[in-house]
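The chain contents come next:
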Amino acid sequence: TRYINREISWLEFARRILDVASDQRVPVLERARFLAIFSDGMDEFYQVRVAGLKDQMAAGVSSRSPDGMTVAEQLSAVRKMVSELVERQEAVFFGEVVPTLSSAGIEIVSFGSLTPSEQSELTSVFENRIFPVLTPLSVDPGHPFPYISNLSLNLGVTVTDNMSNEKRFARVKVPPLLPRFMAIGSGVIGPGSNPPGPPKVLKFIPLEQVMAAHLSYLFPDMEIGETCVFRVTRNADLTLEEDEAEDLLSALEMELRRRRFGRAVRLELDALASDEVEELLIRELEIGSEDVYRVKPPLGLGGLWSLCSLEIPEHREAKWSPIPPPRLTTPDGETNDIFSVISERDVLVHHPYESFAASVERFITSAAADPKVLAIKQTLYRTNGDSPIVKALIRAAESGKQVAVLIELKARFDEQRNIAWARALEEAGVHVVYGLVGLKTHAKISLVVREEEGGIRRYCHIGTGNYNSSTARLYEDLGILTSDPDIGSDLGELFNFLTGYSRHSNYRKIVVAPAFLRPKLISLIEHQAVLGSEGRIVIKVNGLTDPILIDALYEASSAGVEIDLLVRGICCLRPGIAGLSETIRVKSIVGRFLEHSRIYSFGGVSGSSPSLYIGSADLMERNLDHRVEVLTPVSDPELVQTVETILGVELSDDTWSWQLQPDGNWMRTPTVKGVNAQFRLAELALEKDARRRTIEVAPPIQARRRIGQIADLIPPGPPARSGEGEPGTGEDRDKGQETG
């Protein structure tokens, strides 16, 4: 077919994440982190994507996906591939990561393997910290089967009354607020209180095992029979009818409460559980046998996040400290007036190589404190729980500035946090808008209105990533700070559209979805197609699924245009097919930092002067048709060259990347030159910092001093496999959340 199935493409992305967890050249705590990322990603995949397919099945939808598969065929393909991935996950965890952790002095143990004194310690912890919060729920005529909440971990226990000889099933929920892996020997439950200095042997035990070893406390005078662990995943996609909601915030809060009660779409069950228990759970959860996955405990390896926080430098990545953007900081480390700098010339920032706090956060916090600033307008899609930007917006409103914030309440899995921020902002006098009916506001834009000697001047930030200082240290993103009058006017009109009743304008420079983005991109692609073999297209996105854009790229390829696509996650385009896409190459980089920027270059990267855009939009139907997105042109020649350099470095990566094959498989890029894109970009950032400070140190040497062992942490790719074109033995995987 012309397209790769969307769901299968995401699962291939998950396979690449498991590859990293399996790579012995990656520090073991980072490998554990990638296992946690894989587990969390699979949870979201079932809560949203599989749940959506099941909804279609229930509704009798007969249409096919763009690749020609029915809903039933997609569910069957997902089941087959997930079974393979789960088996691979278990092999990596038990066969590779656990032994490596053990050799590093970090043991994940069972209760039966502990010494009597260690067991006694855990019994004391159980009595004082765990037992008081447990609530066993039995199933009998007087007690119906309890509701099993989404993603909760549970012990299933069969008990027999010694007096009546009656056998019953009981469920005990594993408390989610207690650490999943308990530390042994330190007198604490979690791994965060280890004494300083090199550890001897750290032992951890899954919380559910401690509970299982003390079930007699919960069921006194009862005979304990079978004990197993199970976990349920439910449909978590909201079905909010916005046009019928008088109060969107209240309606969303109600829908969030309903999310806990969504239909079950997956049952993960202890591999040793009896058929009797499986049949009981299938019946009570109203789930099909095809949705049951037998898993060797521990279930839900997202709990490994707690181990990943252990401060053992030799088993973690070397820490990277972002540099301050050179134009915003003087050679002696003092900060320049940010508005003076932006008024002279646009500033491009590249996170996490350059500091988010010293650029984007300072832009907003400076605006909040500046008496010349009259108004601040901002979109918020995802932000962190202790956001300096939100606090600055509150201070600005309290000081009398006009502050308007468009906060997207429907940002999936961040709804509750956004509701809390919306209330806090409203209480401070901020004008809060919840977005447009039927659309998510995904654009990353800020507008500052400042009164200066020459009159009113607008300062803007347009980025590819969220206003989130936590993820800005982990996600690779771009942003531009500008005082361009046209872009300022465009953002002003866009905010009026988002907050009021005005209509979409014919914007001067920015490109806005859903009204204008797809036609603009098609026009840019077609212009390159006219150039034939002289044409050049380079696009970097998180996902490519839109059939219309894919077809436009196919047409350009048929005309001879050289096309390179950097797609981190889902890609439904098939490259390298004769007569259709033979000039298209697709690469995915999944490494230390999550590749998150969106860049569109037409005619650049070794071509003529490019038309270059950055912004929030991926090439997916949801971005093009159902979200408010913004792309901005990059026109300053120096900044254009910087972005083109970034693209060139990433295209040359042959250590941390995979290449998409025509059959939909991803093959690890053969290592020839040993180019590590993320390491090289860190080097370039440090070279720039050295020039700012006029340090006479050879940049590569300085880079290695600053980055530490980053070169060792991002492993070279093994030789690519022949035959089926699957990735090599060192796979890579990235966090499966909707990172929007």
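A brief report on the enclosed structure follows. (Residues numbered from 1 in each chain as written. Predicted model: local features only at pLDDT ≥ 70, side-chain atom pairs only at ≥ 80, totals over all residues. Heavy atoms only, no water.)

## Examining the overall build of the chain
Consideration 1: Helix and strand counts for the chain stand at 21 helices and 27 strands.
Consideration 2: Counting all 740 residues of the chain, 60% fall into the buried class.
Consideration 3: Taking as baseline every contact in the chain between residues at least 6 positions apart, the subset at least 24 positions apart corresponds to 75%.
Consideration 4: Accessible area for the chain stands at about 29,300 Å²; split by element, carbon and sulfur atoms hold 51% of it. (Helix = DSSP H or I, 4+ residues; strand = E, 2+ residues; numbered from the N terminus. Buried < 20%, exposed > 50% of the residue type's maximum accessible area, 1.4 Å probe, protein only. Contact = heavy atoms within 4.5 Å. Areas by Shrake-Rupley, 256 points an atom, 1.4 Å probe, with all protein chains shown as cover.)

## Thoughts on the packing of aromatic side chains
Consideration 1: If you walk through the whole model with that rule in mind, you get 14 aromatic pairs.
Consideration 2: Taking 5.3 Å as the distance between ring centres and 70° as the angle between the ring planes, the aromatic pair formed by Phe-126 and Tyr-217 counts as edge-to-face. Note that Phe-126 is positioned in helix H4 (residues 116-130) and Tyr-217 in helix H6 (residues 215-218), a separation of 91 residues in sequence.
Consideration 3: An aromatic cluster is built from Trp-10, Phe-13, Phe-45, Tyr-46 and Tyr-293, whose rings are joined through pairwise contacts.
Consideration 4: The ring of Tyr-293 carries Arg-79 above its face, with NZ or CZ at 4.4 Å from the centroid.
Consideration 5: Here the guanidinium or amino end of Arg-266 rests over the ring plane of Tyr-46, the centre of that ring lying 4.7 Å away. (Phe/Tyr/Trp six-rings, centres within 6.5 Å; stacked < 30°, edge-to-face > 60°. Lys NZ or Arg CZ within 6 Å of the ring centre and 35° of its normal.)

## Here's the deal with the environment of Phe-93
Consideration 1: Residue position: Phe-93 is located in helix H3 (residues 71-103).
Consideration 2: Phe-93 sits in the buried class, given a relative accessible area of 2%.
Consideration 3: When the C-alpha atoms of Phe-93 and Ala-21 are compared, they prove to be 8.3 Å apart, with 72 residues separating the residues in sequence.
Consideration 4: Contact partners of Phe-93, with chain neighbours within four places excluded, come to Leu-35, Val-98, Pro-99, Ile-108, Pro-298, Leu-301 and Leu-304.

## A short note on the sheet that holds strand E1 (residues 106-108)
Consideration 1: Strand order across the open sheet formed by three strands is E1-E6-E5, with mixed pairing between neighbours. Each edge of the sheet is formed by a strand with only one pairing partner; in this case those strands are E1 and strand E5 (181-184). Taken pair by pair, the neighbouring strands of this sheet meet at an average axis angle of 30°, ignoring direction.
Consideration 2: Across three bridges, E1 lies against strand E6 (residues 202-206) in parallel orientation. Along E6, the bridge assignment pairs Glu-107 with Lys-203. (Pairing = 2+ DSSP bridges. Axes fitted to C-alpha atoms, helices over the stretch in contact; angles between N-to-C directions.)

## Brief notes about the side chain of Arg-171
Consideration 1: Within the fold, Arg-171 resides in strand E4 (residues 167-173).
Consideration 2: Despite its burial, Arg-171 pairs with no opposite charge; the closest candidate is Glu-284, at 12 Å N-O.
Consideration 3: Engagement of the side chain of Arg-171 in a polar contact is seen with the side chain of Asn-154, the distance being 2.6 Å.
Consideration 4: The residues contacting Arg-171, other than those within four sequence positions of it, are Thr-135, Pro-136, Leu-137, Pro-146, Tyr-147, Ile-148, Ser-149, Ser-152, Asn-154, Leu-155 and Phe-230. (Lys, Arg positive; Asp, Glu negative; His and termini not counted. Salt bridge = Lys/Arg side-chain N within 4 Å of Asp/Glu carboxyl O. Polar contact = N/O pair within 3.5 Å; in protein donor to acceptor, adjacent residues only side chain to side chain.)

## A short note on the pairing of strand E19 (residues 536-541)
Consideration 1: Of all six residues making up E19, six are buried, and the element is well covered by its neighbours.
Consideration 2: Neither face of E19 is left uncovered, since the one carrying Arg-536, Val-538 and Lys-540 and the one carrying Ile-537, Ile-539 and Val-541 both have all their residues buried.
Consideration 3: Sheet analysis places E19 next to strand E20 (residues 562-567), joined by six bridges and oriented parallel. Residue pairing in the sheet places Ile-539 in a bridge with Leu-565 of E20.
Consideration 4: Between E19 and its parallel partner E20, the chain crosses via helix H16 (residues 547-558), and the hand of that crossover is right-handed.
Consideration 5: Sheet topology note: the E19/strand E23 (residues 598-602) ladder contains four bridges and is antiparallel. Bridge pairing in E23 links Ile-537 to Phe-602. (Right-handed = clockwise from strand over helix to strand, strands pointing away.)

## Overview of helix H14 (residues 485-499)
Consideration 1: With 15 residues, H14 should reach 21 Å at 1.5 Å per residue; the first-to-last C-alpha distance of 21 Å fits that figure.
Consideration 2: Taken residue by residue, H14 has Ile-487, Gly-488, Ser-489, Asp-490, Leu-491, Gly-492, Leu-494, Phe-495, Phe-497 and Leu-498 as its buried positions.
Consideration 3: N-capping of H14 is provided by Asp-484, with a side-chain oxygen placed 2.8 Å from the backbone N of Asp-486. (Expected span 1.5 Å × (residues − 1).)

## Quick word on the nonpolar core
Consideration 1: Within the largest apolar cluster, 169 residues are counted, with the highest numbers of intra-cluster contacts made by Leu-11, Ile-130, Leu-494, Leu-553, Leu-565 and Leu-573.
Consideration 2: Counting residues per element, this core draws most heavily on helix H2 (residues 28-58), at 14 residues.
Consideration 3: Discounting residues that sit within four places of it in the chain, Leu-11 has contacts with Met-42, Phe-45, Val-78, Met-81, Val-82 and Leu-85. (Core = buried A, V, L, I, M, F, W, Y, C linked by side-chain atoms within 4.5 Å.)

## With respect to the sheet that holds strand E3 (residues 153-161)
Consideration 1: Across the sheet, which stays open at both edges, the six strands sit in the order E2-E4-E3-E7-E8-E9 with mixed pairing between neighbours. In this open sheet, the two edge strands, each paired with only one partner strand, are strand E2 (137-139) and strand E9 (292-295). If you compare each strand with its neighbour and ignore which way they point, the axes differ by 30° on average.
Consideration 2: Where strand E7 (residues 222-234) lies against strand E8 (residues 264-270), five bridges are found, and the strand directions are antiparallel. Paired with Phe-230 across the strands is Leu-269, a residue of E8.

## So, the pattern of salt bridges
Consideration 1: Scanning the model with the defined rule gives 43 salt bridges in all.
Consideration 2: Here Asp-484 ties to Lys-509 by a salt bridge, and the two come within 2.7 Å at their closest N and O atoms. One end of the pair, Asp-484, is in the loop between strand E17 (475-482) and H14; the other, Lys-509, is in the loop between H14 and strand E18 (511-513), with 25 residues separating them in the sequence.
Consideration 3: Residue Asp-484 is classed as buried on the basis of its relative accessible area of 16%.
Consideration 4: Relative accessible area serves as the criterion here: at 29%, Lys-509 is assigned to the partly exposed category.
Consideration 5: Beyond isolated ion pairs, a larger network of salt bridges with shared partners links Glu-30, Arg-33, Glu-317 and Arg-592.

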